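Listed below, chain by chain, are the residues.
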Amino acid sequence: MTKQDEIGINYLPSRKKAGRKPWRVNAHLAGGKAEYFATKQEAIARRNAFIDAGVDSNQSEKTFADAAAALVERYKWRWENPEDTLKFTTYKDAMEAAKFWNQFFADLPLNDISADLVEDTIRGLTKVRKPKTILNRWSFFKKVFKRAHGRAECARNPCDAISISELIGSTKAMKKDAVRYSKDVIFRIIQHAGKWTIHIKFASKTGLRSGEQRGLQWKHIDFETGFVTVEQAAILDETGCWVIGRPKSQAAYRNVPISSELLQELREWRLQSKFSSDDDFVFPNEDGGILSPHRLNGELGTNADGSRSKRRTRGALKPACVRAGVDVIRWHDLRHHYASLQLYNPNLDLVEVAALMGHENSKVTESIYGHWLEGAAKDQQLRQRAAV
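As the structure is a prediction and not an experimental result, all values here were calculated from the model.

K.L.:
Explain the overall build of the chain residue by residue, including any values.
P.N.:
Helix and strand counts for the chain stand at 17 helices and eight strands. The buried share among the 388 residues of the chain stands at 42%. Residue pairs in contact within the chain that sit at least 24 positions apart in sequence constitute 58% of those at least 6 positions apart. Summed over all atoms, the accessible surface of the chain reaches about 21,500 Å², with 49% contributed by carbon and sulfur.

Structure (structure tokens):
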């Protein structure tokens with residue numbers, strides 16, 4: 001470890017609680033001493049002063065590839081830690097992001113990567129990459145420099161001077177509002193779903209995420225109380241295979257009520273299934289294993305001339321949409337449909353809807369479905385006036 005590794009910044013809650021300056025610049029092993037400051041900005045300024053003074057620092061030797069690899073290794077450690085909730089997909093995304101940015105900065109020392117250089121690179125990317133792709137990769141890039149800067153491996157964090165929304169457009173504008181589909185549209189899709197009827201109906205009437213539904217076992221359905229317990233989900237492992245893992249977040253652990261009609265259909269589905277023991281999957285593949293999400297979304301095959309190929313059209317949702325004569329929707333839209341039914345239910349408030357959806361809090365629900373809430377409120381006011 002070099003001395004510059006010791007020029008770090010720490011936040012000490014105990015000092016804050018005692019009314020003392022909580023931000024510490026730990027530079028005593030680099031020829032200085034531990035100093036304390038009231039704000040993080042003051043601590044950063046002092047730490048940078050140490051660096052600018054050249055306190056036995058070999059920062060210029062650290063390249064972007066080195067820092068990115070260190071962050072990826074950190075993700076790997078968290079993923080391998082059984083007490084951590086980090087998913088493999090997050091670790092995988094980090095590896096892909098490191099590869100992406102290494103195309104431009106791999107061999108450059110961290111201190112040679114200026115805000116102007118980063119901005120020029122992103123402007124070039126906007127001509128060949130979708131804004132959403134850049135935005136997703138940007139998160140990792142920022143973390144590389146935040147971590148390196150916090151460990152005094154670079155003098156400045158170029159990301160602090162960059163507004164990504166100005167370079168690629170408003171991040172809010174990229175997010176499309178969830179589309180609300182009528183009960184009639186969903187009903188028509190279900191009517192044309194064939195052997196996938198129960199799969200689509202279950203998704204539209206419980207709001208479970210695809211991974212939650214595909215990871216559901218019979219022991220998770222209480223036919224006496226009429227609830228389905230979400231406590232696991234189908235996730236990808238490091239080999240790219242589907243396995244059982246934890247749900248998306250702590251809030252995703254929940255109990256969702258099921259209608260008596262759907263319960264009866266599930267009983268019938270279990271009776272005719274070859275996989276009906278408590279530990280079997282409710283919606284398995286042909287071998288009793290975890291069903292692929294591609295089977296649920298379905299595929300619309302085409303011939304060489306662009307016409308529809310019945311032979312290559314397979315799976316659940318997309319073919320059902322075509323047969324029903326409605327717009328093709330995504331599997332996740334079935335979850336949105338369930339959310340719309342709950343938001344327009346006058347007996348439920350936003351907090352209760354958030355719990356049913358498995359959201360961390362009602363703000364998450366509002367951020368996704370806020371454009372529906374005004375309509376739901378107007379409907380409620382109309383009902384109240386009509387009832388007078």
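What follows continues from the structure just given.
K.L.:
Explain the pairing of strand 7 (residues 242-245) residue by residue, including any values.
P.N.:
Where strand 6 (residues 233-236) and strand 7 come together, four bridges link them in antiparallel fashion. Considered in strand 7, the bridge of leucine 236 is made with tryptophan 242. Hairpin connection between strand 6 and strand 7: a loop of five residues separates the two successive antiparallel strands, and glycine 240 in this loop has a positive phi of roughly 85°.

K.L.:
Explain the environment of tyrosine 369 residue by residue, including any values.
P.N.:
One can find tyrosine 369 in helix 17 (residues 362-387). With relative accessibility at 1%, the residue tyrosine 369 sits in the buried group. C-alpha of tyrosine 369 to C-alpha of histidine 336: the two residues are 33 residues apart in sequence and 8.6 Å apart in space. Tyrosine 369 has contacts with Ala178, Arg335, His336, Ala339, Leu343, Met357 and His359, leaving out every residue within four places of it along the chain. Within polar-contact distance, the side chain of tyrosine 369 engages the side chain of histidine 336 at 2.8 Å.

K.L.:
Lay out the sheet that holds strand 4 (residues 221-222) in plain terms, naming residues and giving numbers.
P.N.:
Taken together, three strands build an open sheet; the order of strands is 4-5-8 and the sheet is antiparallel. A single partner strand is all that each edge strand has here, and the edge strands are strand 4 and strand 8 (254-257). As judged from the four bridges shared by strand 5 (residues 227-230) and strand 8, these two strands associate in the antiparallel manner. When the sheet's bridge partners are listed, valine 230 is paired in strand 8 with arginine 254.

K.L.:
Tell me about the packing of helix 4 (residues 88-105) against helix 5 (residues 115-125), and name the residues and values.
P.N.:
Relative to each other, helix 4 and helix 5 sit at 115°, their axes nearing to 11 Å. The orientation of helix 4 with respect to helix 5, classified from their angle, is roughly perpendicular. As helix 4 runs across helix 5, the sense of the crossing is right-handed. Between helix 4 and helix 5, the contacting residues are Phe100, Trp101, Phe104 and Phe105 on the first element and Leu117, Val118, Thr121, Ile122 and Leu125 on the second. The residue inventory of the contact of helix 4 with helix 5, partitioned by class, reads eight nonpolar, one polar and no charged.

K.L.:
Which residues make up a positive patch on the surface, and what are the values?
P.N.:
The grouping of Lys40, Lys142, Lys143 and Lys146 at the surface amounts to a positive patch. Per-element tally for the positive patch: the top contributor is helix 6 (residues 131-150), with three residues. Of note, lysine 142 is situated in helix 6. With a relative accessible area of 38%, lysine 142 lands in the partly exposed category.

Calculation criteria
Residues numbered from 1 in each chain as written. Predicted model: local features only at pLDDT ≥ 70, side-chain atom pairs only at ≥ 80, totals over all residues. Heavy atoms only, no water. Helix = DSSP H or I, 4+ residues; strand = E, 2+ residues; numbered from the N terminus. Buried < 20%, exposed > 50% of the residue type's maximum accessible area, 1.4 Å probe, protein only. Contact = heavy atoms within 4.5 Å. Areas by Shrake-Rupley, 256 points an atom, 1.4 Å probe, with all protein chains shown as cover. Pairing = 2+ DSSP bridges. Polar contact = N/O pair within 3.5 Å; in protein donor to acceptor, adjacent residues only side chain to side chain. Axes fitted to C-alpha atoms, helices over the stretch in contact; angles between N-to-C directions. Parallel < 35°, antiparallel > 145°, perpendicular 65-115°, else oblique. Left-handed = near helix turned anticlockwise from the far one by under 90°. Nonpolar A, V, L, I, M, F, W, Y, C, P; charged D, E, K, R; others polar. Patch = residues over 30% accessible without salt bridge, like charges linked within 9 Å, V, L, I, M, F, W, Y side chains within 5 Å. Salt bridge = Lys/Arg side-chain N within 4 Å of Asp/Glu carboxyl O. Lys, Arg positive; Asp, Glu negative; His and termini not counted. Charge placed at Lys NZ, Arg CZ, Asp CG, Glu CD.

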